[in-house]
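Chain by chain, the residues run as shown.
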Amino acid sequence: MSAVTRQEIGACTRGAFGSGWVGRDQLCAAARSAGARREVVETLEKLSPRVRVCGVPDLLLLLPDLPDLPDGNEGGERGAESSVA
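1. Describing the overall build of the chain
Move 1: Along the chain, the regular secondary structure elements total five helices and two strands.
Move 2: Secondary structure of the chain in N-to-C order comes out as α-β-α-α-β-α-α.
Move 3: Per-residue burial over the chain gives 40% buried out of 85 residues.
Move 4: Looking at the chain alone, contacts between residues at least 24 apart form 68% of all its contacts between residues at least 6 apart.

2. Things to note about the side chain of Thr5
Move 1: Mapped onto the fold, Thr5 is located in the segment before helix H1 (6–13).
Move 2: Exposure remark for Thr5: the relative accessible area of 10% places this residue in the buried category.
Move 3: Once residues within four sequence positions are removed from consideration, Thr5 is found in contact with Leu66, Pro67 and Leu69.

3. Re the packing of helix H2 (residues 24–33) against helix H3 (residues 38–45)
Move 1: Viewed as axis vectors pointing N to C, H2 and H3 meet at an angle of 175°, and their least axial separation amounts to 9 Å. Here H2 is positioned roughly antiparallel relative to H3, judged by the angle of their axes. In this structure, H2 uses Arg24, Leu27, Cys28, Ala31 and Arg32 to contact H3, whose residues at the interface are Val41, Leu44 and Glu45.

4. Description of the pattern of salt bridges
Move 1: Going through the model one piece at a time under the given rule, you end up with seven salt bridges.
Move 2: One salt bridge in this structure joins Asp68 and Arg6, with 3.5 Å as the shortest N-O distance. Here Arg6 lies in helix H1 and Asp68 lies in the loop between helix H4 (56–61) and helix H5 (77–84), a separation of 62 residues in the sequence.
Move 3: Judged by relative accessible area, Asp68 falls into the exposed class, the value being 51%.
Move 4: Looking at Arg6, the relative accessible area reads 23%, which means it is partly exposed.
Move 5: The closest approach of N and O atoms between Arg37 and Glu39, which form a salt bridge, is 3.5 Å.
Move 6: Here the salt bridges do not stand alone but share partners, grouping Glu8, Arg37, Arg38, Glu39 and Glu42 into one network.

5. Here's the deal with the nonpolar core
Move 1: Counting 21 residues, the largest nonpolar core has Ile9, Leu27, Val40, Leu44, Leu47, Leu59 and Leu63 as its most contacted members.
Move 2: Mapped by element, the contributors of at least two residues to this core are H1, H2, H3 and H4.
Move 3: Filtering out sequence-adjacent residues up to four positions away, Leu27 remains in contact with Thr13, Ala16, Phe17, Val22, Leu44, Leu47, Val53 and Leu59.

6. Thoughts on the packing of H1 against H3
Move 1: Across the interface, H1 lies against H3 with an axial gap of 11 Å and an inter-helix angle of 85°. Viewed along their axes, H1 and H3 adopt a mutual orientation that is roughly perpendicular. Every residue of H3 that contacts H1 at Glu8, Ile9, Cys12 and Thr13 is listed here: Val40, Thr43 and Leu44.

Rules behind the numbers
Residues numbered from 1 in each chain as written. Predicted model: local features only at pLDDT ≥ 70, side-chain atom pairs only at ≥ 80, totals over all residues. Heavy atoms only, no water. Helix = DSSP H or I, 4+ residues; strand = E, 2+ residues; numbered from the N terminus. Buried < 20%, exposed > 50% of the residue type's maximum accessible area, 1.4 Å probe, protein only. Contact = heavy atoms within 4.5 Å. Axes fitted to C-alpha atoms, helices over the stretch in contact; angles between N-to-C directions. Parallel < 35°, antiparallel > 145°, perpendicular 65-115°, else oblique. Salt bridge = Lys/Arg side-chain N within 4 Å of Asp/Glu carboxyl O. Core = buried A, V, L, I, M, F, W, Y, C linked by side-chain atoms within 4.5 Å.

Structure below.
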């Protein structure tokens, strides 16, 4: 299975934001609702239960070790799968 990427985290959690601060459990719920892979949800579950973020850029600051998709793969097959569910 491929590594979880910054783009994949962003795509599956974007819907959680819009009305204030979001916690870990809300991020995990949003990812599940977006059809994220198990590995993505597991990555989010590793965040502190006290974490609060107000957007994808803030969330990605908490996950600095996640790789980017290679150039030319911005849409990525994984991203397409996540947004369809």
